[in-house]
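# Reading the structure
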Amino acid sequence: AQKVTQAQTEISVVEKEDVTLDCVYETRDTTYYLFWYKQPPSGELVFLIRRNSFDEQNEISGRYSWNFQKSTSSFNFTITASQVVDSAVYFCALSSDAGNMLTFGGGTRLMVKP
Amino acid sequence: EPEVTQTPSHQVTQMGQEVILRCVPISNHLYFYWYRQILGQKVEFLVSFYNNEISEKSEIFDDQFSVERPDGSNFTLKIRSTKLEDSAMYFCASSWDRDAIPPNYEQYFGPGTRLTVT
C-alpha cells in the first residue's frame, strides 16, 4: 500500500522568509511518480511538479525548488523569499504508474504574513 | 490553455436524493478521475476511467457511486442515494495527453463541485 506523510500540518512565516515543506512517502513499487499540488483559498488544485522515481535530480523553478532523496523516501519543497500569495495548502502526492490514482498526503497549510 | 471544467460549482441536495456531477476533461486526455475532499481533510481518490471502463476504484466508491462517459466530452459521477457524509468537494481530473511527446502524465484538476447534503 502507498502512503504519503506531510508531518507539518501548519506553517506560519513572515514574507521573504524561506520555507521548506516536508513530504515522506512509502511504496513498494520500484517505479513511481511524485507530485506537488497547491490549493489556494479559492479551492482549486494547481499542479506544481511531477518527479519520476528514476530521476533524482533536484529541480528549481523560480522561487520554488524540490529536493528528491530516494534514500530517505522524501520529496521536500522549498519556497525561497516567500510571498503572501504563496499562502495555501500544499499537497504532496504519489502515483505508482502513469495514469494511476494519486495518493495524497494530509497537506500543509502555509500562511505567509506580510 | 486547456482546462478541466466542472458543473455545477455548488450542489445542495437532500439526503436520499440522486445527484449527478458533471465534468468536461481536457480533450486529447485518455484518463479521467474523480476525487473527493471532505472539508479540511485530504484529497481522496474515488475512481479512474480509461478506455470506457473503470480502471481503478477505492473502497469509498461503493455501489452508490457510478461513472459514465455518455459522449465524447462529458464525464459524470452519479451518487444514487446521497448521505450526509457524502458532503464534500468533488474534483474531476484528467491526464495523459495522447499527443504529447514526451508523454505527459500530470493529472490536471477541475475547480471542483461542492456537494452539500442536508
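Anything mentioned here points back to the structure above.
Right, let's walk through the structure included here.

Definitions and cut-offs
- Starting from 1, residues in each chain are numbered consecutively following that chain's sequence as written.
- Chain labels run from A onward and ligand labels from 1 onward, assigned in the order the entries are written.
- Residue-level local features of this predicted model are given only where pLDDT is at least 70; pairs of side-chain atoms are given and counted only at 80 or more, and the full residue set underlies all totals for whole chains, interfaces and linings.
- The side-chain numbers reported here are obtained from all heavy atoms of the structure, hydrogens and water having been left aside.
- The helix count covers DSSP runs of H or I at least four residues long, the strand count covers runs of E at least two residues long, and both are numbered beginning at the N terminus.
- Throughout, radius of gyration means the C-alpha value; the globule benchmark is 2.2 Å times the number of residues raised to the power 0.38.
- A 1.4 Å probe rolled over the protein chains alone gives each residue an accessible area, and that area as a share of the maximum for its type sets the label: buried under 20%, exposed over 50%, partly exposed in between.
- Here, two residues are considered to be in contact whenever any of their heavy atoms come within 4.5 Å of each other.
- The disulfide criterion is simple: two cysteine sulfur atoms within 2.5 Å.
- Only strands joined by at least two bridges in the DSSP assignment are considered to pair.
- Between the N-to-C directions of two axes lies an angle of 0 to 180 degrees, each axis being a line fitted to C-alpha atoms and, for a helix, fitted only over the stretch in contact.
- What qualifies as a polar contact is a pair of N or O atoms within 3.5 Å, subject to a donor-acceptor requirement within protein and to the restriction that residues adjacent in sequence count only when both atoms come from side chains.
- To define a nonpolar core, start from buried Ala, Val, Leu, Ile, Met, Phe, Trp, Tyr and Cys residues and group those joined through side-chain atoms within 4.5 Å.
- Definitions used for this entry: grid spacing 1 Å over protein atoms alone; cavity, a set of points where a 1.4 Å probe fits but cannot get out; pocket, an open set with protein on both sides within 12 Å along at least 5 of 7 lines; lining residue, one with an atom within 4 Å of a point.
- Grid points are joined across faces, edges and corners, and a volume is the space filled by probe spheres set on the points.
- Amino acids outside the nonpolar list (Ala, Val, Leu, Ile, Met, Phe, Trp, Tyr, Cys, Pro) and the charged list (Asp, Glu, Lys, Arg) are all regarded as polar, and Gly is one of them.

### Quick word on the overall build of chain A
Counting secondary structure elements, chain A contains 0 helices and 12 strands. Scaling as 2.2 N^0.38, a compact globule of 114 residues should have a C-alpha radius of gyration of about 13 Å, and chain A matches this with 14 Å. Considered along the principal axes of its C-alpha atoms, chain A spans approximately 45 × 25 × 20 Å. Here chain A holds 114 residues, and 48% of them are scored as buried. Long-range pairs, those at least 24 residues apart, make up 55% of the contacts in chain A with a sequence separation of at least 6.

### Here's the deal with the state of the cysteines
Residues and elements named next belong to chain A. Counting across every chain of the model gives 2 disulfides over all chains. Each sulfur of the disulfide joining cysteine 23 and cysteine 92 lies 2.0 Å from the other. Residues cysteine 23 and cysteine 92 share a disulfide whose torsion about the S-S bond is about -65°; that sign makes it left-handed. With cysteine 23 in the loop between strand S3 (19–21) and strand S4 (24–26) and cysteine 92 in strand S10 (residues 88–95), this residue pair connects regions lying 69 residues apart in the sequence.

### Section: the sheet that holds strand S7 (residues 65–68) of chain B
Residues and elements named next belong to chain B. An order of S1-S3-S8-S7 is seen for the 4 strands of this open sheet, with the pairing classed as antiparallel. Each edge of the open sheet is held by one strand with a lone partner, namely strand S1 (5–7) and S7. Across this sheet, the average inter-strand angle for adjacent strands is 20°, counted without regard to direction. Judged from the 4 bridges that link them, S7 and strand S8 (residues 75–79) form a sheet pairing that is antiparallel. Note on S8: the bridge partner recorded for glutamate 68 is threonine 76.

### Quick notes on the side chain of serine 95 of chain B
The topology assignment puts serine 95 of chain B in strand S9 (residues 88–97). In terms of polar contacts, serine 95 of chain B uses its side chain to reach the side chain of tyrosine 33 of chain B, at 2.7 Å. The contacts of serine 95 of chain B, once residues within four sequence positions are left out, are Gly99 of chain A together with His29, Leu30, Tyr31, Tyr33, Tyr105, Glu106 and Gln107 of chain B.

### Regarding the nonpolar core
Membership of the largest hydrophobic core comes to 23 residues, with the highest contact counts inside it found for Trp36, Phe75, Phe77, Tyr90 and Leu110 of chain A. The set of elements that each furnish at least two residues to this core consists of strand S2 (10–14), S3, strand S5 (33–39), strand S8 (64–69), strand S9 (74–79), S10 and strand S12 (108–113) of chain A. If one sorts the elements of this core by residue count, S10 of chain A sits on top with 4 residues. Excluding anything up to four places from it in sequence, tyrosine 90 of chain A contacts Gln6, Leu21, Trp36, Tyr37, Lys38, Leu48, Tyr64, Phe77, Ile79, Gly107, Thr108 and Leu110 of chain A. Counting residues in hydrophobic clusters, the runner-up holds 21 residues, among them Val4, Leu77, Tyr90 and Val117 of chain B.

### Some points on empty space enclosed by the protein
This structure, assessed with the given rule, holds 1 cavity of 30 Å³ or more. As for the largest cavity, its lining consists of Tyr33, Phe35, Ser95, Asp97, Ala98, Gly99, Asn100 and Leu102 of chain A together with Tyr105 and Gln107 of chain B. Of the residues belonging to the lining of the largest cavity, the class tally is 5 nonpolar, 4 polar and 1 charged.

### Some remarks on the environment of glutamate 10 of chain A
Residue and element names in this part refer to chain A. Inspection of the secondary structure puts glutamate 10 in strand S2. Between the C-alpha atom of glutamate 10 and that of tyrosine 64, which follows or precedes it by 54 residues, the distance is 19 Å. Setting aside chain neighbours within four positions, we find glutamate 10 in contact with Arg109 and Met111.

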